[in-house]
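# Descriptive structure summary
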Amino acid sequence: MKLLYFAWLRQKIGVSEEELSVPSSVATVAALIDCLKSRGAGYEAAFRDLKALRVAVNQQHSRFDAAIGPNDEIAFFPPVTGG
Amino acid sequence: MSEIRIQAQDFDPSVEIAALDDASGSVGAIATFIGLVRGDDGLIAMTLDHYPGMCEREIAVHVAEARKRWPITGLRIVHRIGRLVPGERIVFVGVASSHRQAAFQAAQFLMDYLKTRAPFWKREERQGGETWVEAKAADDESVKRWR
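One structure accompanies this document, and this report is about it. Computed from a predicted model, the values in this text were never measured in an experiment.

## Details of the overall build of chain B
Summing up its helical and strand segments, chain B has four helices and eight strands in all. Its helices and strands in sequence order give chain B the pattern β-α-β-β-α-β-β-β-α-β-β-α, from N to C terminus. What you see for chain B is a C-alpha radius of gyration of 16 Å, in line with the 15 Å of a compact globule of 147 residues. Across its three principal directions, the C-alpha atoms of chain B cover 55 × 35 × 30 Å. Scored against the burial criterion, the 147 residues of chain B give a buried share of 32%. For chain B, the share of sequence-separated contacts (at least 6 apart) that also reach a separation of at least 24 residues comes to 79%.

## Some points on helix H3 (residues 100-117) of chain B
All names here are of chain B. Between its terminal C-alpha atoms H3 stretches 25 Å, which fits the 26 Å expected from 18 residues at 1.5 Å a residue. Here H3 has its buried residues at Ala102, Ala103, Ala106, Ala107, Phe109, Leu110, Asp112, Tyr113, Leu114, Lys115 and Thr116. Buried residues along H3 sit against strand E2 (29-36), helix H2 (54-69), strand E4 (72-80), strand E6 (89-97) and helix H4 (137-144).

## Observations concerning the packing of H2(B) against H3(B)
Residue and element names in this part refer to chain B. Orientation of H2 relative to H3, taken along the N-to-C sense of each, is 155 degrees, at an axis distance of 10 Å. Looking at the two axes, H2 sits roughly antiparallel to H3. Crossing geometry of H2 relative to H3 is assigned as right-handed. Residue-level contacts link Glu58, Ile59, His62 and Ala66 of H2 to Ala106, Phe109, Leu110, Tyr113, Leu114 and Arg117 of H3.

## Let's talk about the packing of H3(B) against H4(B)
All names here are of chain B. Taken N-terminus to C-terminus, the directions of H3 and H4 make an angle of 135 degrees; their axes are 9 Å apart at the nearest point. By the angle between their directions, the pair H3 and H4 is classed as oblique. Classified by chirality, the crossing of H4 by H3 is left-handed. Across from Asp112, Tyr113, Lys115 and Thr116 in H3, the residues of H4 making contact are Asp139, Asp140, Ser142 and Val143. Within the contact of H3 with H4, the residues separate by chemical class into two nonpolar, two polar and four charged.

## Thoughts on the sheet that holds strand E1 (residues 2-5) of chain A
All names here are of chain A. Spatial ordering of the open sheet is given by E2-E1-E5-E3-E4, a layout of five strands whose pairing is mixed. What marks the edges here is a single partner per strand, and that holds for strand E2 (17-19) and strand E4 (60-62). Strand-to-strand twist in this sheet, taken as the mean axis angle between neighbours without regard to direction, amounts to 25 degrees. Where E1 and E2 come together, three bridges link them in antiparallel fashion. Residue pairing in the sheet places Leu3 in a bridge with Glu18 of E2.

## Focus: the pairing of strand E3 (residues 54-57) of chain A
Side-chain positions along a regular strand alternate between the two faces of the sheet. Residue and element names in this part refer to chain A. In terms of strand pairing, E3 meets strand E5 (residues 73-77) through four bridges, oriented antiparallel. Bridge pairing in E5 places Arg54 opposite Phe77. The hairpin turn running from E3 into E4, its antiparallel successor, is two residues long, and Asn58 in that turn takes a positive phi close to 50 degrees.

## Describing the interface of chain B and chain A
Residue-level contacts link 22 residues of chain B with 14 residues of chain A. When residues of the side of chain B that touches chain A are traced back to their parent elements, those giving at least two are strand E3 (45-50), H2, H3 and strand E7 (120-126) of chain B. When residues in the side of chain B that touches chain A are grouped by element, the largest group, five residues, is from H3(B). Looking at the side of chain B that touches chain A residue by residue, the classes come out as 13 nonpolar, four polar and five charged.

## Focus on unusual backbone geometry
The residue A:Ala7 is not glycine, and still its phi comes out positive at about 55 degrees. Mapped onto the fold, A:Ala7 is located in the loop between E1 and helix H1 (8-13). A positive phi angle, near 45 degrees, is found at B:Asp41, a position not held by glycine. Counting through the fold element by element, B:Asp41 comes out in the loop between E2 and E3. Given 7 C-beta atoms within 10 Å, B:Asp41 falls into the exposed group.

## With respect to the environment of B:Met111
Structurally, B:Met111 can be placed in helix H3. Residue B:Met111 is classed as partly exposed on the basis of its 19 C-beta neighbours within 10 Å. Each C-alpha atom of the pair B:Met111 and B:His79 lies 11 Å from the other, and the pair is 32 residues apart in sequence. Setting aside chain neighbours within four positions, we find B:Met111 in contact with A:Gly83, B:Phe33 and B:Val93.

Thresholds applied
- Numbers given for residues are sequential positions, taken from 1 along each chain in its written order.
- Chain labels run from A onward and ligand labels from 1 onward, assigned in the order the entries are written.
- Owing to the predicted nature of the model, reporting of local features is limited to residues with pLDDT of at least 70; listing and counting of side-chain atom pairs is limited to 80 or more, with chain, interface and lining totals taken over all residues.
- Strands here are runs of E lasting at least two residues and helices are runs of H or I lasting at least four, both read from the DSSP assignment and numbered beginning at the N terminus.
- For the radius of gyration, the atoms used are the C-alpha atoms, and the globule rule reads 2.2 Å times the number of residues raised to 0.38.
- Every C-beta atom is placed from the backbone, and the number of other C-beta atoms within 10 Å of a residue's own sets its class: buried at 20 or more, exposed at 12 or fewer, partly exposed in between.
- This entry defines residue contacts through backbone-placed C-beta atoms, with two residues in contact when those atoms are within 7 Å.
- Helix span is expected to be 1.5 Å times the residue number reduced by one.
- Axes here refer to lines fitted to C-alpha atoms; in helices the fit is confined to the stretch in contact. Angles between the N-to-C directions go from 0 to 180 degrees.
- Here the word oblique covers every angle except those under 35 degrees (roughly parallel), over 145 (roughly antiparallel) and from 65 to 115 (roughly perpendicular).
- If you view the pair so one helix is near and one far, a crossing is left-handed when the near helix is turned anticlockwise from the far one by less than a right angle, and right-handed when it is turned clockwise.
- As a working rule, the residues Ala, Val, Leu, Ile, Met, Phe, Trp, Tyr, Cys and Pro are called nonpolar, Asp, Glu, Lys and Arg charged, and the rest polar, with Gly in that last group.
- Strands pair, by our definition, only if DSSP identifies at least two bridges between them.

Quick look at the structure:
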């Protein structure tokens, strides 16, 4: 799957996007977050407080319990501040 | 007609406004909103980051919703990205309709959704360094009136 990180998440993790293959047991956004947190201190810091995070699956705002698959584009970011 | 643009360069409000009048004689009102970078409290510059693709998509969803709610004859949204200094224009929302109520309300509806749903993020530069702007609860409250 394709993962994208924006704003301070990108700075904490150190990359703006990456391709990742996860086990098929990782079937929701929440499970993906648990999996990502084990990838290092940057990820751990980025995903520490889920209340400060938003997620989009295939460019649509989604919930943490949303189902995900290997061909999805999943983006993590803080609440938006445009306009 | 609707036009949605996300761009680094500045825009000319008079050109955007002129484009909202289709000269058919049916436009009775044009309401516009222009957001500017405020220079108070020591701001040196702000940089707007965005999610290409999702931004356009999210704005298009709310443009379609606005068109369902109000009789809109023309609509233009321009949002800038990149580094902007105080006084620079950030965003333009313009709505044309036959009557003012629809134009005012649709412009406000679009701005409220732009601020709370479109994936843009602001980073501010001040003397002490850079910080990401935090979302405001008041913006989430503003959007509730349209539900």
